Amino acid sequence: MRRISVVGNSGSGKSTASRNLAGHLGVPWLELDSIFHQAGWQPRAAEEFRAEVEEFAASDAWVIDGNYSAVRDLVWARADTVIWIDLPRRTVMWQLLRRTLRRMATGAELWNGNREQWRYLFSRDESILWWAWTNHRRYRDGFQRAAADPAHAHLRFVRVTSRAQLSRVHLA
């Protein structure tokens, strides 16, 4: 494993696992959210986003986390491994709720000055909780199809289905 894509639902533990895995392997890590979300939660222009991801992915070793279909072709063309974090919905939602409330309570800056806001909890358009709940099945189905797709035969898919397994992922 030298070029690893980490995917999964929001709140599944992608970024934490990716940061730990990159540290263990001694390779750079890119959190796609950090370069996509600009100030005021504005999305980065598609051409700029793709160009930065393509440049990062051109190196010999890395960990990239995120589910952006706009750049998946670039990431997966260079990756040798996809770690798919597929925890049960109840686990993801509990982790995400705790993380979201902690970020809101502390005012933690995420990327480019962005912070999660209390009002986001009650808005279908902005709630990360709503997003994770409604997209859980879609991610599972989509990554199952991707793992079985002959176009991705060059990739080793590692499906992580428990927190215990996730804590051991860097040993694979």
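Look above for the structure.
Remember, it's a predicted structure, so these values are computed and weren't measured experimentally.

*Asks:* I would appreciate a short explanation of the environment of A46 in the present structure.
*Replies:* Among the secondary structure elements, A46 is positioned in helix α3 (residues 46–57). A C-alpha to C-alpha distance of 8.8 Å links A46 and F36, two positions 10 residues apart in sequence.

*Asks:* In this structure, what is going on with helix α6 (residues 128–148)? I would like to understand it.
*Replies:* Quick reminder: α-helices carry 3.6 residues per turn. Residues three or four places apart thus point the same way. Taking 1.5 Å of rise per residue, 21 residues should cover 30 Å, and α6 covers 29 Å from first to last C-alpha, within 8% of that figure. The sharpest bend along α6 comes to roughly 50°, located at N135. Within the span of α6, buried status applies to L129, A132, N135, H136, Y139, R140, F143 and A146. On its buried face, α6 is in contact with β1 (3–8), α4 (69–78), β6 (81–85), α5 (89–106) and β7 (156–160). Two or three places before L129, at the start of α6, stands the capping residue S127, its side-chain oxygen 3.2 Å from that residue's backbone nitrogen.

*Asks:* Honestly, the sheet that holds strand β5 (residues 62–65) in this entry has me stumped. Any pointers?
*Replies:* Within a sheet, neighbouring strands are paired by backbone hydrogen bonds and run either parallel or antiparallel to one another. Here we have 5 strands laid out as an open sheet, ordered β2-β5-β1-β6-β7, and parallel in their pairing. Every other strand in the sheet has two partners, leaving β2 (29–31) and β7 as the edge strands with one partner each. Pairs of neighbouring strands in the sheet enclose a mean axial angle of 15°, with direction left out of account. Taken together, the 4 bridges between β1 and β5 define a ladder with parallel strand orientation. Its bridge partner lying in β5, V6 is registered against D65. Here α4 sits on the sheet and contacts β1, β5, β6 and β7; the angle it forms with β1, its principal contact strand, is near 135°.

*Asks:* Would you mind going over the packing of aromatic side chains with me for this structure?
*Replies:* Throughout the structure, instances matching the rule amount to 8 aromatic pairs. Ring geometry for W84 against F143: centres 6.1 Å apart, planes inclined by 55°, an arrangement best described as tilted. Remark: F143 occurs in helix α6 and W84 occurs in strand β6; sequence separation between them is 59 residues. Judged by relative accessible area, W84 falls into the buried class, the value being 5%. Here F143 falls in the buried class, since its relative accessible area comes to 3%. For the pair Y139 and F143, a centre-to-centre distance of 6.1 Å together with 10° between the ring planes defines the contact as stacked. Placement of both Y139 and F143 in helix α6 is noted, with a separation of 4 residues, approximately one turn of the helix. Linked through ring pairs, W76, W84, Y139, F143 and F157 together constitute an aromatic cluster.

*Asks:* Any chance you could explain the packing of α3 against α4 here in plain terms?
*Replies:* Axis angle and axis distance: for two packed helices, these are the angle between their axes and the distance between the axes, and together they describe the pair. It is at 10 Å that the axes of α3 and α4 come closest, and there the two elements cross at 10°. By the criterion of interaxial angle, the relationship of α3 to α4 is roughly parallel. The segment α3 lies against α4, with F49, R50, V53, E54 and A57 engaging A70, V71, D73, L74, V75 and R78. For the contact of α3 with α4, the residue count by class is 7 nonpolar, no polar and 4 charged.

Cut-offs and rules
- Residues numbered from 1 in each chain as written.
- Predicted model: local features only at pLDDT ≥ 70, side-chain atom pairs only at ≥ 80, totals over all residues.
- Heavy atoms only, no water.
- Helix = DSSP H or I, 4+ residues; strand = E, 2+ residues; numbered from the N terminus.
- Expected span 1.5 Å × (residues − 1).
- Bend = angle between axes of the 7 residues up to and from the residue.
- Buried < 20%, exposed > 50% of the residue type's maximum accessible area, 1.4 Å probe, protein only.
- Contact = heavy atoms within 4.5 Å.
- Polar contact = N/O pair within 3.5 Å; in protein donor to acceptor, adjacent residues only side chain to side chain.
- Pairing = 2+ DSSP bridges.
- Axes fitted to C-alpha atoms, helices over the stretch in contact; angles between N-to-C directions.
- Phe/Tyr/Trp six-rings, centres within 6.5 Å; stacked < 30°, edge-to-face > 60°.
- Parallel < 35°, antiparallel > 145°, perpendicular 65-115°, else oblique.
- Nonpolar A, V, L, I, M, F, W, Y, C, P; charged D, E, K, R; others polar.

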